[in-house]
Structure formats: C-alpha cells, structure tokens
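Listed here are the chains, written in short residue letters.
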Amino acid sequence: MKSAFPTIPRIPYDGPQSKNPLAFKHYNPEEIVEGKTMKEHLRFSVVYWHTFRNPLSDPFGTGTAIRPWEDGSDSVENAKNRVRVAFEFIEKLGAPFYAFHDRDIAPEGTTLAESHRNLDAVVEVLKEEQQRTEVKLLWGTACLFAHPRFVHGAATSPNADVYAYAAAQVKKALEVTHELGGQGYVFWGGREGYSTLWNTDMKRELKHLARFLHMAVEYKTKIGFPGAFYIEPKPKEPTKHQYDFDAATCLNFLREHDLLNHFKLNLETNHATLAGHTMFHECEVAAAADALGSIDANMGDELLGWDTDQFPSNIYTTTQVMLVLLKSGGFRTGGLNFDAKVRRESFEPMDLFYAHIGGMDAFARGLKIAAAIRADGRISEIIKNRYSSWDSGMGEKIEAGQIGFEELEKYALAQPDPLPHTSGRQELIENIINELL
Ligand code: XUL
Ligand code: CO
C-alpha cells in the first residue's frame with residue numbers, strides 16, 4: 001500500500017536539547033522510571049474518532065481537515081483503507097495502543113445486520129494490522145449517541161425498542177473488542193441524561209441503566225472477555241445533565257446498583273473541568289476507591305466553557321495525574337488515551353504528529369517530575385508531619401476503631417484546647433514543585 005505519510009520517519013527520541021519538531025524530547029520508551037519503562041508506565045493510546053474521523057468542523061463551519069487518503073465515501077473499502085493509514089500513523093508515532101467506537105471504524109448500514117457485517121469486514125483488517133505492528137487495542141466502545149434513534153438516550157431511552165437496539169450494539173461491540181484482544185471496554189453515557197426534568201422519570205431511567213450494565217457484565221462473563229469495564233464520567237454535553245456526572249457520582253451509582261466490583265472509571269481531563277473539578281481531584285477520588293482504571297488524556301480551554309478536547313500540554317496537570325498514578329501503583333489494563341483533537345486551524349496531516357508528540361512529551365515530563373517529587377521526599381515529609389497526630393496515642397486508637405464518642409469526650413475534657421499543630425505549608429509546597437518542574 002502507498003504510504004500516507006511518506007516524508008515522516010518513525011518518531012525518534014532525541015532528548016531535551018533537540019529542536020527537531022518530529023522527535024520526542026522527553027518520551028524515551030525504554031527509559032526506566034521507578035523500576036518500569038516509560039512505555040509501561042504511560043501506555044499511550046491513539047483514538048480513532050478524533051484522529052481519523054474528525055473533519056474538524058464546528059457549529060459555525062464545515063470541516064477543514066486535509067486527509068488525502070480519504071476517498072470521500074462512507075464505504076467499507078474506504079474504511080478498510082483508513083485502517084492501514086491509522087496503523088502507519090500509530091506505528092510511526094510509537095504508541096502501543098489505540099481505541100475506537102464501533103461506528104468510527106466501520107460505516108453504519110441501513111439495518112443493524114448490515115452494520116454488524118460492515119464491522120466484521122473492517123475488524124479483519126484491524127486484526128491483520130495489529131498482528132503486523134503489535135499495536136494493541138486499549139479499549140473498544142459503542143457509539144450510542146450520534147444516530148437520531150438515540151436522541152432521548154440509549155440505555156436510558158424512554159423507548160424500550162431503542163434500549164434493545166443499544167443492547168444489541170453493545171453486545172456486538174463487546175464481541176469485536178474481545179476478538180481484537182481489547183484490554184478494556186468503555187461505557188460513556190453520551191446521551192444518558194436529560195434536557196428537562198419535566199418530561200423525565202429519572203428513577204426509572206437510572207434503574208434501566210443499571211440493568212443494562214448488569215446485562216453487559218453477564219454477557220462479558222458468558223463470552224469470557226477478560227478486559228476491564230470502565231464508566232467514563234462527564235457532567236454535560238450533549239445533554240444538559242449527564243447521569244455519570246463525575247467520579248463520585250459514578251461510584252455512588254455503581255455502589256447503589258451493586259456494580260462496583262465490575263467497573264473502574266475512565267477519567268477525562270476536560271470532563272473533570274466541565275464538572276467544576278480539577279483532574280487531580282477526579283484522580284484522587286477514583287484512586288481512593290481503587291477505581292482509577294484508565295485516562296482520556298486531553299485538556300480544555302480556560303476561556304471556553306465546552307469540551308474542547310485539546311491535546312494535553314499543561315505540565316502541572318500531567319504531573320498531578322502521574323503523581324496519583326505512581327502512588328496508586330500505575331495502570332493495570334488502562335492507559336493514557338488521547339481523546340483529543342487538533343484545532344480546526346491545524347488541518348494538515350502533519351499536525352496530527354505534532355499534537356501527539358506534544359501530548360506524549362507532556363506526560364513523559366509529568367512522569368519524570370512526579371518521580372522527582374517522590375524521590376525528593378520534602379513534600380511527603382510535610383504530609384507525613386501534617387497527619388502525625390494519627391500515628392500514635394489517641395489518633396492511632398481512633399483509626400483502629402477502638403474508641404467512641406464517650407472516650408473522646410473524656411479525653412477532650414482532660415486536654416488543653418487543641419492548637420492547629422502545623423502550618424499547611426501550601427506556598428512552600430508550590431515552591432518545591434516549581435523547583436522540580
Ligand atoms: C466524549 C468522550 C467520548 C468517550 C468514548 O466527550 O469523551 O469520546 O471517550 O465514547
Ligand atoms: Co473520552
């Protein structure tokens with residue numbers, strides 16, 4: 001096949017001093033950090049939807065993307081050819097994983113049966129390319145939000161036939177993900193929410209959603225899919241309120257419906273900020289519940305209130321994410337999946353390389369800085385001191401669950417009024433971080 005990127009070599013690691021725009025300055029796949037290679041820590045993944053399907057349109061204008069390999073049709077042939085292009089890109093970039101929605105990789109047919117057949121035809125090519133390149137599938141998912149049938153939602157649709165259709169689509173997407181050796185499967189509730197509560201039976205919709213996820217778990221067990229299931233929180237867009245609002249909301253939903261053992265979370269930076277949180281916060285919430293499964297790496301824009309899905313370039317954020325990951329033992333099945341798109345103004349194929357190289361370097365730096373913070377030890381010492389009253393005496397007994405309110409009252413009555421024993425040292429911590437950045 002003709003190369004789609006004939007002038008672009010495999011992206012090398014050239015080191016921090018390099019000025020080569022087509023080289024990594026920090027992502028050195030085999031470099032060891034805290035006992036593991038960068039490649040093992042970071043587990044980068046390229047998304048099919050933005051990188052190979054997004055025309056770069058916006059609500060005010062049509063697509064601007066120049067993609068010379070596209071023949072302009074929605075045919076299976078074009079889809080198969082696109083797979084070869086995608087894998088040439090991923091291979092040259094040196095990303096070990098990719099991720100897709102069913103409808104990104106193959107065209108939707110005029111019937112569900114035809115859509116299934118289209119998917120099978122393209123999956124054959126994906127399988128060949130995975131074997132040729134050793135690029136693996138991080139996760140698969142089903143697009144349950146683009147087609148007009150899902151206008152009122154899929155697993156929360158008021159229409160039971162739409163619900164059944166969605167289930168059939170997820171069943172097939174799961175089978176295909178399994179066939180391709182996917183390491184996970186994502187549930188993002190694209191339209192699982194509401195536009196107005198005046199027409200919505202929320203309790204009933206949430207029950208339907210829980211049943212849907214239980215059926216997915218049952219089917220996963222039945223076909224022996226060993227990968228992880230993830231819920232991806234997002235507070236709004238496309239609906240004004242999405243049920244999977246943020247990490248805490250998802251965890252509560254999973255707990256309430258007895259699904260917690262079967263799901264982890266796939267956190268996305270721009271979704272965190274849309275929810276009014278930082279990604280640091282979302283990562284901590286998930287990690288505290290042992291539910292930090294995978295990450296959709298991107299970022300928003302401070303001045304725009306919507307999901308801009310930009311490539312991650314903020315070193316503070318990548319450092320915070322990597323700090324939580326290092327602390328919690330790192331990814332198992334998950335990875336750093338660039339759910340990000342180049343700007344509408346960045347329409348050349350080359351921009352896809354620049355964007356991914358930048359994102360990978362931003363996370364490689366984040367990893368190195370996070371490891372440096374941990375090795376330096378000053379911040380963990382501050383945290384240790386801050387909680388030292390819990391390491392012995394009364395604090396230790398409380399943590400051990402050995403005493404109750406009566407003993408605490410007796411103790412407090414016998415003590416002088418307690419003083420806050422240490423400063424929070426926020427500014428000092430920020431100085432240390434900037435020193436290590
Ligand atoms: C949408 C989004 C999705 C999911 C997969 O905001 O993040 O692309 O990651 O459906
Ligand atoms: Co996402």
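Residues numbered from 1 in each chain as written. Chains lettered and ligands numbered in written order. Predicted model: local features only at pLDDT ≥ 70, side-chain atom pairs only at ≥ 80, totals over all residues. Heavy atoms only, no water.

Section: the overall build of the chain
A count of helical and extended segments in the chain gives 16 helices and twelve strands. For the chain, the C-alpha radius of gyration of 24 Å lies close to 22 Å, the compact-globule estimate for 437 residues. Dimensions of the chain, computed from the C-alpha atoms along their principal axes, are close to 80 × 60 × 45 Å. Residues classed as buried in the chain amount to 49% of the 437 residues present. Look at the contacts in the chain between residues 6 or more apart in sequence, and 76% of them connect residues 24 or more apart. Of the roughly 21,300 Å² of accessible surface on the chain, a fraction of 54% belongs to carbon and sulfur atoms. Distance between charge centroids for the chain: 3 Å, based on 47 positive and 60 negative side chains. (Helix = DSSP H or I, 4+ residues; strand = E, 2+ residues; numbered from the N terminus. Rg over C-alpha atoms; globule rule 2.2 N^0.38 Å. Buried < 20%, exposed > 50% of the residue type's maximum accessible area, 1.4 Å probe, protein only. Contact = heavy atoms within 4.5 Å. Areas by Shrake-Rupley, 256 points an atom, 1.4 Å probe, with all protein chains shown as cover. Lys, Arg positive; Asp, Glu negative; His and termini not counted. Charge placed at Lys NZ, Arg CZ, Asp CG, Glu CD.)

Re the coordination of the cobalt ion (ligand 2)
Looking at the metal site, the cobalt ion (ligand 2) is ligated by Glu232 (OE), Glu268 (OE), Asp296 (OD) and Asp339 (OD), spaced 1.9 to 2.2 Å from it. Here the cobalt ion (ligand 2) binds six donor atoms, and the angle range of 79 to 174° at the metal identifies the geometry as octahedral. Along the chain, the residues donating to the cobalt ion (ligand 2) are arranged with the sequence spacing E-x35-E-x27-D-x42-D. On the criterion of sequence distance, the pair formed by Glu232 in the loop between strand S8 (228-231) and strand S9 (241-242) and Glu268 in strand S10 (residues 263-268) is long-range, its members being 36 residues apart. (Donors = N, O, S within 2.8 Å, 3.2 Å for Na, K, Ca; no water. Tetrahedral: all angles 85-135°; square planar, octahedral: opposite > 155°, others 65-115°.)

Looking at the pattern of salt bridges
Applying the stated rule across the entire model yields 21 salt bridges. Notably, a salt bridge pairs Arg84 with Glu128, separated by 3.1 Å at the nearest N-O pair. With Arg84 in helix H3 (residues 76-93) and Glu128 in helix H5 (residues 112-133), the pair connects residues that are 44 residues apart, well separated along the chain. Several salt bridges share partner residues, and in doing so they unite Arg84, Glu91, Glu128, Glu129 and Arg132 into one network. (Salt bridge = Lys/Arg side-chain N within 4 Å of Asp/Glu carboxyl O.)

Structural notes on the packing of aromatic side chains
Going through the model one piece at a time under the given rule, you end up with 23 aromatic pairs. Measuring from ring centre to ring centre gives 5.1 Å for Phe187 and Phe229, while their planes differ by 75°; the resulting arrangement is edge-to-face. One end of the pair, Phe187, is in strand S6 (residues 184-187); the other, Phe229, is in strand S8, and 42 residues separate them in sequence. Owing to a relative accessible area of 10%, Phe187 belongs among the buried residues under this scheme. Linked through ring pairs, Phe5, Tyr48, Phe52, Trp69, Phe89 and Phe353 together constitute an aromatic cluster. (Phe/Tyr/Trp six-rings, centres within 6.5 Å; stacked < 30°, edge-to-face > 60°.)

Side note on the packing of helix H6 (residues 160-179) against helix H7 (residues 202-223)
Relative placement of two packed helices is described by the angle separating their axes and the distance separating the axes. Two elements in contact, H6 and H7, have axes separated by 11 Å at closest approach and are oriented at 30°. As far as their axial angle goes, H7 and H6 are roughly parallel. For the pair H6 and H7, the crossing hand works out as right-handed. Contacts from Tyr163, Ala166, Ala167, Val170, Lys171, Leu174, Glu175 and His178 in H6 reach His208, Arg211, Phe212, Met215, Ala216, Tyr219 and Ile223 in H7. Its residues placed into classes, the contact of H6 with H7 shows ten nonpolar, two polar and three charged. (Axes fitted to C-alpha atoms, helices over the stretch in contact; angles between N-to-C directions. Parallel < 35°, antiparallel > 145°, perpendicular 65-115°, else oblique. Left-handed = near helix turned anticlockwise from the far one by under 90°. Nonpolar A, V, L, I, M, F, W, Y, C, P; charged D, E, K, R; others polar.)

Looking at the site of ligand 1
If you check the shell around ligand 1, you find Trp49, His101, Trp139, Trp188, Glu232, Lys234, Glu268, His271, Asp296, Asp307 and Asp339 and nothing else. In this structure, Trp49 approaches ligand 1 through a side-chain N or O atom, which is 3.3 Å from an oxygen atom. His271 is positioned such that a nitrogen or oxygen atom in its side chain is 2.9 Å from an oxygen atom of ligand 1. Summarising the interface, the protein chains cover 94% of the accessible area of ligand 1, which totals 290 Å² for the free molecule. Looking at side-chain class alone, the shell around ligand 1 contains three nonpolar, two polar and six charged residues. (Near = heavy atom within 4 Å. Polar contact = N/O pair within 3.5 Å; in protein donor to acceptor, adjacent residues only side chain to side chain.)

Overview of the domain arrangement of the chain
For the chain, the assigned domains read domain 1 (32-376) and domain 2 (389-436). Of note, the centres of domain 1 and domain 2, computed from C-alpha atoms alone, are 41 Å apart. On the side of domain 2, four residues touch domain 1, which itself brings five residues to the contact. For the pair domain 1 and domain 2, the summed buried surface comes to about 420 Å²; carbon and sulfur atoms form 68% of the total. Interface area lost by domain 1 to domain 2 is led by Tyr316, Ile373 and Asp376, which between them contribute 71%. Applying the counting criterion to the domain 1 and domain 2 interface returns zero salt bridges. Examining the composition of the side of domain 1 that touches domain 2, we find that four residues originate from one element, helix H12 (residues 349-376), more than from any other. (Domains from an automatic or database assignment. Buried area = accessible area lost by both parts, 1.4 Å probe.)

Quick notes on the nonpolar core
Core analysis: the biggest nonpolar cluster contains 108 residues, and Leu42, Tyr98, Phe187, Leu265 and Ile295 have the highest contact counts within it. Val47, Phe97, Val186 and Ala228 belong to the second largest nonpolar core, which has nine residues in total. (Core = buried A, V, L, I, M, F, W, Y, C linked by side-chain atoms within 4.5 Å.)

Observations regarding the pairing of strand S3 (residues 44-47)
Across the two faces of S3 the burial is the same, with Phe44 and Val46 and Ser45 and Val47 all buried. Pairing of S3 with strand S12 (residues 336-338), which is carried by three bridges, proceeds in the parallel orientation. Bridge pairing links Ser45 to Asn337 in S12. As defined by bridge partners, S3 adjoins strand S4 (residues 97-101) across three bridges and the pair is classed as parallel. Bridged to Val47 within S4 is Ala99. (Pairing = 2+ DSSP bridges.)

Comments concerning the side chain of His101
Inspection of the secondary structure puts His101 in strand S4. In this structure His101 comes out as buried when scored by relative accessible area, which is 9%. Sequence-distant contacts of His101, defined by excluding residues within four places in its chain, comprise Trp49, Thr141, Ala142, Cys143 and Phe145.

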